[in-house]
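# Architecture and fold: a report
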Amino acid sequence: MQRPPQEDFSLKETKPHLGGGKVSGDKLTSTYDLVEQMQYLYVRVVKARDLPGKDVTGSLDPYVEVKLGNYKGTTRHFEKKSNPEWSQVFAFSKDRIQASVLEVTVKDKDVVKDDFVGRVLFDLNDIPKRVPPDSPLAPQWYRLEERNGSKVKGELMLAVWMGNQADEAFPEAWHSDAAAVSGADGLANIRSKVYLSPKLWYLRVNVIEAQDLIPSDKSRFPEVFVKAILGNQALRTRVSMSKTINPMWNEDLMFVAAEPFEEPLILSVEDRVAPNKDEVIGRCAIPLQYVDRRLDHKPVNTRWFNLEKHIIVEGEKKEIKFASRIHLRVCLEGGYHVLDESTHYSSDLRPTAKQLWKSSIGVLEVGVLSAQGLSPMKTKDGRATTDAYCVAKYGQKWVRTRTIIDSFAPKWNEQYTWEVFDPCTVITIGVFDNCHLQGGDKSGGARDSRIGKVRIRLSTLETDRVYTHSYPLLVLHPTGVKKMGEIHLAVRFTCSSLVNMMHMYSQPLLPKMHYLHPLTVSQLDNLRHQATQIVSLRLSRAEPPLRKEIVEYMLDVGSHMWSMRRSKANFFRIMGVLGVVISVGKWFDQICNWKNPITTVLIHILFLILILYPELILPTIFLYLFLIGIWYYRWRPRHPPHMDTRLSCADAAHPDELDEEFDTFPTSRPPDIIRMRYDRIRSIAGRIQTVVGDLATQGERLQSLLSWRDPRATALFVIFCLVAAIVLYVMPFQAVALLTGFYVLRHPRFRYKLPSVPLNFFRRLPARTDCML
């Protein structure tokens, strides 16, 4: 029997053995107190000396093989060298050790069969333990032995110790579970790494005017516009209204630029000589290193730039200089935050310029412990397998754990730290399947598959509490929502200054420039798209790359696309919010209709007290809100919030709606399906249009009270206002309020079923609907 979805998709609290507990003789490491301690046998192979020659020529191509039971790691080999230096570290997980002896063998690389040079054996019971912050173990020289135990010529410098994942050697070590990985590229792809997003700036180009342009056809008025290109971003101004050789625009163009600035801003002034034919009149290139940087809204100085034109003379490109100039105001905006994530779950809201940064308010620590029940993601040698790794993104810092090979229950036990500048931010943690174990892109352009992701909002975490939960990894597939496994995390948010953090709640969410000089919605959408493209391009060029598909999934690049499911979910969210207002209205209606006479009498008494002592109204409201808040404290959420399938309308989504959500843009579906979907969108849009129209109608009726569109209705309202003013001047306000209250709360026997006079009057007021086509 299938389990109910709310149980299957729920968050589970766990009690892991964090920090290794009190292990006898071991110091507890403070750096790794949010993860379970994992023991490793480390072997550092440094170098060898005086190795004997093995070939007929007496030369040697040495390498070292480190063997422990079934696990075998090898260093790189050197050509014809008797004193090689390797400086490589090997790590064997203690959980998987099935041998009692470690064997370190020096071999000579040969075409047919590698020759044995000598070996060093270690008994695992005699290997020392090291726990940071102890100093690293010093390597020693060991004499090589024959297989029978007799000493041979040559020595090997080694250090062998038992340690944990807090060891400095851990990130760069060759791991025993990487035996199936081929090549240096493949090994680089499975290591843990920290990445930094490039520093992004908004570039504002204010195109003012141009002077002394020389169009090729002087018999017509030039239709001139300016085209600006930065990297793969291209924007253009409108065609100038002044059709002369001195056109004016005064138009702003916005770009996203990333440090280090590699590409210049290229501006070209072009003339539209025919409907689809533009001719370049002149161009100039502006290196961004020399562009002014501004921190506020004070205008920067304008500058004139000379325009240049290239002409082809006898097959060679020659530059001709002439007196054409363009007048610009160009600046890098340091006062904005360059959005590369959706503002709903942004992990960083600081402005670009460091001078404007506030001090940090705390530290976020995340221990990526393990995963359970991961779905098989691919087949290897005829059997299903998953090679999982995690990526976490907060602020500009991205981290990637090592890949655990061939496991549906991987254990990472890696801990990472981030500085926090705003509590109302979100950390995103994604789990992926590594498809690049054979190194580089030899897998034929394979993409790393997404297993799922988790978002945690920092403001929902209590300070200094360690949250250990198992989060379901939920992914929406064309067949519906699917649980791909669970990820086990330990999260702690430590606050360094409570006053600073509380002060943050009074500050605007985005930097001031977003409010003083706001960007338009379409501008922000375009700029966000450019920013995500730049970040994914830069990170995919890192070594090893953090691939484009990973970055785009973590930044939710496709979340703005139309989805029937998401539209429904948002509609139900609105109804959920309005539900509170509706329920209060129903409760008040029951009071007015004396459904429960005792409650209605109590409301009358409270109403009388508040009318006689009006100064008690505000204190009573705030006291009531305080009591409600205290009452709800008992039911406060105990867990961090997580992906909710019911809220997302994912558990009961129609297959066709999911197919539409996963369709490409532009669509790749047959015409009859597109027609059906188009008709469906039209019907939904029609309903939305009606609701928006109804809201507009009510607003226009309010406006028409005094606009004399219906002269009789306005005359009635104006006379009513005059009478009401006179009555309120003469009568005490308390008496008016008392009469109104008792009238509203009157008994049902004094009520009529028909709508009230003010409501009838309001509904008869004219709106502008009758003017619409």
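Residues numbered from 1 in each chain as written. Predicted model: local features only at pLDDT ≥ 70, side-chain atom pairs only at ≥ 80, totals over all residues. Heavy atoms only, no water.

### Examining the overall build of the protein
Across its full length, the protein holds 14 helices and 30 strands. Computed over the C-alpha atoms, the radius of gyration of the protein is 36 Å, more than 25% above the 28 Å expected from 2.2 N^0.38 for a compact globule of 773 residues. For the protein, the spread of C-alpha atoms along the principal axes amounts to about 120 × 90 × 60 Å. Excluding contacts between residues fewer than 6 apart, the proportion of contacts in the protein whose partners are at least 24 apart in sequence is 69%. Taken as a whole, the protein presents about 43,400 Å² of accessible surface, with 59% of it coming from carbon and sulfur. In the protein, 102 side chains carry a positive charge and 86 a negative one; their mean positions are 6 Å apart. (Helix = DSSP H or I, 4+ residues; strand = E, 2+ residues; numbered from the N terminus. Rg over C-alpha atoms; globule rule 2.2 N^0.38 Å. Contact = heavy atoms within 4.5 Å. Areas by Shrake-Rupley, 256 points an atom, 1.4 Å probe, with all protein chains shown as cover. Lys, Arg positive; Asp, Glu negative; His and termini not counted. Charge placed at Lys NZ, Arg CZ, Asp CG, Glu CD.)

### Topic: the environment of Lys568
Tracing the sequence through the fold places Lys568 in helix α7 (residues 564–592). When the C-alpha positions of Lys568 and Arg541 are compared, they lie 39 Å apart, and in sequence the two are 27 residues distant. When near neighbours in sequence (up to four residues on either side) are disregarded, Lys568 contacts Cys649 and Glu657.

### Concerning the UniProt feature "transmembrane region" (unreviewed entry) in the protein
The UniProt feature table records "transmembrane region" (unreviewed entry) at residues 571–588, 600–633 and 715–745. In this annotation, residues 571–588 is assigned 100% helix and 0% strand; the end-to-end C-alpha distance for the span is 25 Å. (UniProt positions renumbered as here; feature names shortened; annotations may be inferred.)

### Quick notes on the packing of α7 against helix α8 (residues 597–612)
Following both chains from N to C, one finds α7 and α8 inclined at 95 degrees, their axes separated by 8 Å at the closest point. Between α7 and α8, the crossing angle belongs to the class labelled roughly perpendicular. Residues Trp587, Gln590 and Ile591 of α7 form the contact with α8, whose participating residues are Thr599, Thr600 and Ile603. Tallied by class, residues from the contact of α7 with α8 come to three nonpolar, three polar and no charged. (Axes fitted to C-alpha atoms, helices over the stretch in contact; angles between N-to-C directions. Parallel < 35°, antiparallel > 145°, perpendicular 65-115°, else oblique. Nonpolar A, V, L, I, M, F, W, Y, C, P; charged D, E, K, R; others polar.)

### Here we look at the state of the cysteines
What the rule picks out here adds up to zero disulfides. We note that Cys435 lacks a disulfide partner, and the nearest cysteine sulfur, in Cys390, lies 15 Å from it. In this model Cys495 remains outside any disulfide bridge; the closest cysteine sulfur is found in Cys424, 12 Å from its own. By relative accessible area, which is 17% here, Cys495 ends up buried. (Disulfide = S-S within 2.5 Å. Buried < 20%, exposed > 50% of the residue type's maximum accessible area, 1.4 Å probe, protein only.)

### Description of the domain arrangement of the protein
Domain boundaries in the protein define domain 1 (39–191), domain 2 (200–333), domain 3 (358–555) and domain 4 (564–771). Inter-centroid distance (C-alpha atoms) of domain 2 to domain 4 is 52 Å. (Domains from an automatic or database assignment.)

### Points about the pairing of strand β3 (residues 62–68)
Counted residue by residue, β3 has six buried out of seven residues, so it is predominantly covered. Bridge count for β3 against strand β6 (residues 101–108) is six bridges, and the pairing is antiparallel. The partner of Glu65 across the bridge, within β6, is Thr105. Inspection of the sheet shows β3 paired to strand β4 (residues 71–74) by four bridges, in the antiparallel sense. (Pairing = 2+ DSSP bridges.)

### Some points on helix α11 (residues 671–703)
The terminal C-alpha atoms of α11, which comprises 33 residues, lie 46 Å apart, in line with the 48 Å expected from a rise of 1.5 Å per residue. Here α11 has its buried residues at Arg677, Arg680, Ile684, Thr697 and Arg701. On its buried face, α11 sits against α7, α10 (655–661) and α14 (757–763). (Expected span 1.5 Å × (residues − 1).)

### Looking at the packing of aromatic side chains
According to the stated counting rule, one finds 15 aromatic pairs in the structure shown. Ring centres of Tyr202 and Tyr336 lie 5.8 Å apart, and the angle between their planes is 70 degrees; on these two criteria the pair is classed as edge-to-face. Note that Tyr202 is positioned in strand β12 (residues 200–211) and Tyr336 in the loop between β20 (316–333) and β21 (362–372), a separation of 134 residues in sequence. Both residues of the pair, Tyr202 and Tyr336, belong to the buried class. Through a chain of ring-to-ring contacts, the aromatic side chains of Tyr40, Tyr42, Trp161 and Phe170 assemble into a single cluster. In this structure, Lys81 is placed above the aromatic ring of Phe78, and the distance from its NZ or CZ to the ring centre is 5.0 Å. The aromatic ring of Phe421 is capped on one face by Arg350, whose charged end is 4.0 Å from the ring centroid. (Phe/Tyr/Trp six-rings, centres within 6.5 Å; stacked < 30°, edge-to-face > 60°. Lys NZ or Arg CZ within 6 Å of the ring centre and 35° of its normal.)

### Details of the pattern of salt bridges
For the structure on display, the rule yields 41 salt bridges. One salt bridge in this structure joins Lys107 and Glu65, with 3.4 Å as the shortest N-O distance. One end of the pair, Lys107, is in strand β6; the other, Glu65, is in strand β3, and 42 residues separate them in sequence. With relative accessibility at 17%, the residue Lys107 sits in the buried group. Judged by its relative accessible area of 9%, Glu65 is buried. Ionic pairing is found between Arg383 and Asp406, a salt bridge with its closest N-O pair at 2.5 Å. Placement of the pair is Arg383 in strand β23 (residues 383–385) and Asp406 in the loop between β25 (397–400) and β26 (411–420), with a sequence separation of 23 residues. Each member of the salt-bridge network shares a partner with another, and the members are Asp656, Asp659, Glu660, Arg669, Arg677 and Arg680. (Salt bridge = Lys/Arg side-chain N within 4 Å of Asp/Glu carboxyl O.)

### Notes on the sheet that holds β26
If you trace the five strands from one edge of the open sheet to the other, you get β1-β29-β30-β21-β26, paired in antiparallel fashion. Since the sheet does not close on itself, it has two edges, and those belong to β1 (12–13) and β26, each with one partner.

### Considering the sheet that holds strand β28 (residues 449–457)
What the five strands build is an open sheet, ordered β11-β25-β24-β27-β28; its pairing is antiparallel. Each end of this open sheet is capped by a strand with a single partner; those strands are β11 (193–196) and β28. Within the sheet, the average angular offset between the axes of one strand and its neighbour, ignoring direction, is 20 degrees. Bridging between strand β24 (residues 388–394) and strand β27 (residues 426–433) involves six bridges; their strand directions are antiparallel. Of the residues in β27, the one forming a bridge with Lys393 is Thr428.

### Let's talk about the packing of α8 against helix α13 (residues 733–744)
Taken N-terminus to C-terminus, the directions of α8 and α13 make an angle of 165 degrees; their axes are 10 Å apart at the nearest point. With respect to each other, α8 and α13 are oriented roughly antiparallel. Crossing handedness for the pair α8 and α13: right-handed. In contact with His604, Phe607, Leu608, Ile611 and Leu612 of α8, α13 contributes Gln734, Ala737, Leu738, Gly741 and Phe742. Within the contact of α8 with α13, the residues separate by chemical class into seven nonpolar, three polar and no charged. (Left-handed = near helix turned anticlockwise from the far one by under 90°.)

### Section: unusual backbone geometry
A cis amide bond links Glu259 to the next residue, Pro260, at an omega of -10 degrees. Within the secondary structure layout, Pro260 lies in the loop between β15 (248–258) and β16 (265–274). Omega for the bond connecting Glu543 with Pro544 falls within 30 degrees of zero, at -5 degrees, which places this linkage in the cis form. By secondary structure assignment, the location of Pro544 is in the loop between α5 (521–540) and α6 (548–554). Residue Asp212 is not a glycine yet carries a positive backbone phi of 55 degrees. Of note, Asp212 is situated in the loop between β12 and β13 (224–230). Take Asp212: its relative accessible area is 37%, and that puts it in the partly exposed class. The backbone of Trp594 sits at a positive phi, close to 55 degrees, despite the residue not being glycine.

### Section: the confidence of the model for the protein
Here the protein averages 84 in pLDDT, while 93% of its residues score no lower than 70. Element-level mean pLDDT values for the protein span from 54 in helix α1 (residues 5–8) up to 95 in β24. Ignoring residues within four places in sequence, the model shows residues 22–30, a span with pLDDT below 50, making 15 contacts including any to other chains. (pLDDT = per-residue confidence, 0-100.)

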